[in-house]
Amino acid sequence: MKTPFFAIFFTFSATLAVAQEALSIEQCRRLAQENSPLQVRKGYAERTASLQNETLKRNNLPRIGVNAQATWQSDVFELPFDIPSNPTPVAIPKDQYKISLDVSQRIWDGGYDKINAQQYVLNSTLTAAQTDVDVFSLRETVTDLFFRVLLLQESERILLSTQQTLEQRLRQTEAQVALGVSLRTAADQIRIQLQQNRQQVAAIRIDQETLKQVLGGWIGRPDGAFTLSADGLAGAWADTGTSRPEYAMLEVQKKLIELQDDALKLHLQPRVEAFGQGGFGQPNPLNFFETTFEPYALVGIRASWSPTDWGVSKRRSETLTLQAMSLDAQRASLDQRIEAANRKDRGDFAKAQALLQDDDAIIALQEDIVRRAEAQVDNGVMTTTDYLAQVNLLTQARLTRKTHEIQGQQAIEMLKARNSE
């Protein structure tokens, strides 16, 4: 009764697998990058830069302020003599009041707004570049998960092939037992081997589904309703150089440093603005002899300029130069780390390719041994136990070859994931 159940179960599983979407390694990497929650940071950065630049544009509009002031002072201005034509002496009140409307219009800011606008754009670009760096790291994570699942997927296929062989052998043995030419023990030994094989398949399927759910979480398919396709896997790595977002991020950081250095030169630029003030005061702020509430107004142009900052800009410029040199050191360190990882993967690929040649030879010999063992079992020369041992060796040889094949493919794809966008 068990055998038909497993046959139905495996047939259903195979049909379900066919219905599921087959994803390639490139699709998985692309989906992981597209579905990363970090991608929203780019939109936030762009919106922030847009708002900051809108704020900068408001600097070109007039600044308007309303001011009011009431004071009492212990002493006031007095003339040291009397005015002959004015018999009533002028008494400036000690309590004074003033309300005014102040308006100013910037004429020249030394170029600060232009520098700030460029900096806001570069900050947005830097955030996008940092996001690309963080998201790019998913490529290696997803590549590793892809091949772990793929190895389990291929191992399951090999074990199912072995299971078909054992089931066929079991039917032959049961027929021999029915004819009395073989012992039931031989059939039971094959059943035990079949059960152990099914246990391996069940364990592999559980591990496979677990890893698929982990992978699905990265690529936006948390239900794991997909299979993996080996199509499109790179056969060898063509060294066309390294293209990684870290380099773009370092370039943006350098541009920001250069922009900050340009901004230092603006500290010595003059600022010019037009201004006006109008209001009422008691006494008139422009004529203390008018001691009642009187209107007043003034307009003009003012400028501010600091001809020297006592070497502050120079020292800050030297600091920025050191920061730029630090970025060069980071780039050199990145080159070193990438090249070390690349050398390891190239070595792993070369080792896997060398092992595959031996694997093919071992499988060919072991297949021949199993064919001879089948004939020997049928002729009563070899026991079923010895035959099953040879079948196990063939299964292990096939699993080993598939492992080496996938390890070689993984080494190449890790190179690809690490070095290209």
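Calculation criteria
- Residues numbered from 1 in each chain as written.
- Predicted model: local features only at pLDDT ≥ 70, side-chain atom pairs only at ≥ 80, totals over all residues.
- Heavy atoms only, no water.
- Helix = DSSP H or I, 4+ residues; strand = E, 2+ residues; numbered from the N terminus.
- Rg over C-alpha atoms; globule rule 2.2 N^0.38 Å.
- Buried < 20%, exposed > 50% of the residue type's maximum accessible area, 1.4 Å probe, protein only.
- Areas by Shrake-Rupley, 256 points an atom, 1.4 Å probe, with all protein chains shown as cover.
- Lys, Arg positive; Asp, Glu negative; His and termini not counted.
- Charge placed at Lys NZ, Arg CZ, Asp CG, Glu CD.
- Axes fitted to C-alpha atoms, helices over the stretch in contact; angles between N-to-C directions.
- Parallel < 35°, antiparallel > 145°, perpendicular 65-115°, else oblique.
- Contact = heavy atoms within 4.5 Å.
- Nonpolar A, V, L, I, M, F, W, Y, C, P; charged D, E, K, R; others polar.
- Phe/Tyr/Trp six-rings, centres within 6.5 Å; stacked < 30°, edge-to-face > 60°.
- Lys NZ or Arg CZ within 6 Å of the ring centre and 35° of its normal.
- Expected span 1.5 Å × (residues − 1).
- Pairing = 2+ DSSP bridges.
- Core = buried A, V, L, I, M, F, W, Y, C linked by side-chain atoms within 4.5 Å.
- pLDDT = per-residue confidence, 0-100.

As a further point, take the overall build of the protein. Secondary structure assignment for the protein yields 8 helices and 6 strands. Its helices and strands taken in sequence order, the protein reads α-β-α-α-β-β-α-α-β-α-β-β-α-α from the N to the C terminus. Relative to a compact globule of 421 residues, whose C-alpha radius of gyration would be 22 Å, the protein shows 42 Å and is clearly more extended. In terms of overall dimensions, the protein has C-alpha extents of about 155 × 45 × 30 Å along its principal axes. Within the protein, buried positions represent 35% of all 421 residues. Just so you have it, the protein exposes about 24,600 Å², and 57% of that area is on carbon and sulfur atoms. Here the protein holds 46 positive side-chain charges and 52 negative ones, and the gap between their average locations is 4 Å.

It is the contact of helix 3 (residues 40-58) with helix 4 (residues 112-179), at a shortest axis distance of 9 Å, that shows an interaxial angle of 175 degrees. Accordingly, the angle class assigned to the pair helix 3 and helix 4 is roughly antiparallel. Facing helix 3, whose interface residues are Arg41, Lys42, Ala45, Glu46, Ala49, Gln52, Asn53 and Leu56, helix 4 presents Asp113, Asn116, Ala117, Tyr120, Val121, Ser124, Thr127, Ala128, Gln130, Thr131, Asp132 and Asp134. Per-class residue counts for the contact of helix 3 with helix 4 are 7 nonpolar, 7 polar and 6 charged.

What follows covers the packing of aromatic side chains. Throughout the structure, instances matching the rule amount to 2 aromatic pairs. When the centroid spacing of 5.3 Å and the interplanar angle of 75 degrees are considered together, the rings of Phe146 and Phe147 count as edge-to-face. Overall, Phe146 belongs to the buried group, its relative accessible area being 0%. Given the relative accessible area of 1%, Phe147 is considered buried. Note that Arg302 overlies the ring of Phe275, its terminal NZ or CZ placed 4.3 Å from the centroid.

All right, on to the environment of Ala248 then. On the secondary structure map, Ala248 appears in helix 6 (residues 245-264). When the C-alpha atoms of Ala248 and Thr125 are compared, they prove to be 9.7 Å apart, with 123 residues separating the residues in sequence.

On to helix 5 (residues 184-219), then. With 36 residues, helix 5 extends 51 Å between its outermost C-alpha atoms, agreeing within 8% with the 52 Å of an ideal straight helix rising 1.5 Å per residue. Backbone geometry just after helix 5 places Gly220 at a positive phi near 80 degrees.

This brings us to the pairing of strand 5 (residues 271-282). Across 11 bridges, the pairing between strand 3 (residues 95-108) and strand 5 is antiparallel. Among the inter-strand pairings, Lys98 is bridged to a residue of strand 5, identified as Gly281. Bridge analysis of strand 5 against strand 6 (residues 294-304) gives 11 bridges, and the strand direction is antiparallel. Counterpart to Gly281 in the pairing with strand 6 is Glu294.

Each neighbour pair has its own omega, and for Gln282 with Pro283 the value is -5 degrees, a cis peptide bond. Here Pro283 shows up in the loop between strand 5 and strand 6.

Cys28, Phe146, Phe147, Leu150, Leu215, Ile219 and Leu228 are the most contacted members of the largest nonpolar core, which totals 26 residues. Listed by contribution, the elements that provide at least two residues to this core are helix 2 (25-34), helix 4, helix 5, strand 4 (226-228) and helix 8 (384-419). With 11 residues, helix 4 is the single largest residue contributor to this core. Once residues within four sequence positions are removed from consideration, Phe147 is found in contact with Ile25, Leu233, Ile406, Gln409, Gln410 and Glu413.

The next thing to look at is the sheet that holds strand 2 (residues 63-72). By definition, the strands of a sheet pair up through backbone hydrogen bonds, in either a parallel or an antiparallel sense. Here 4 strands make up an open sheet; going across it, the order is 2-3-5-6 and the pairing antiparallel. Where the open sheet ends on each side, the last strands, each with one partner, are strand 2 and strand 6. On average, each strand axis in the sheet is tilted by 20 degrees relative to the strand beside it, whichever way the strands run. Where strand 2 and strand 3 come together, 10 bridges link them in antiparallel fashion. The residue bridging Thr71 from the neighbouring strand is Gln96, located in strand 3.

Looking now at the confidence of the model for the protein. On average, the protein scores 87 in pLDDT, and the residues at 70 or more come to 90%. Across residues 1-18 the pLDDT falls below 50, and counting only partners more than four positions away or on other chains, this stretch makes 10 contacts in the model.

We now examine helix 4. If you check helix 4, its first and last C-alpha atoms are 101 Å apart, about what 68 residues at 1.5 Å a residue would give, namely 100 Å. Where helix 4 ends, the next residue or the one after it, Gly180, has phi of about 80 degrees, a positive value.

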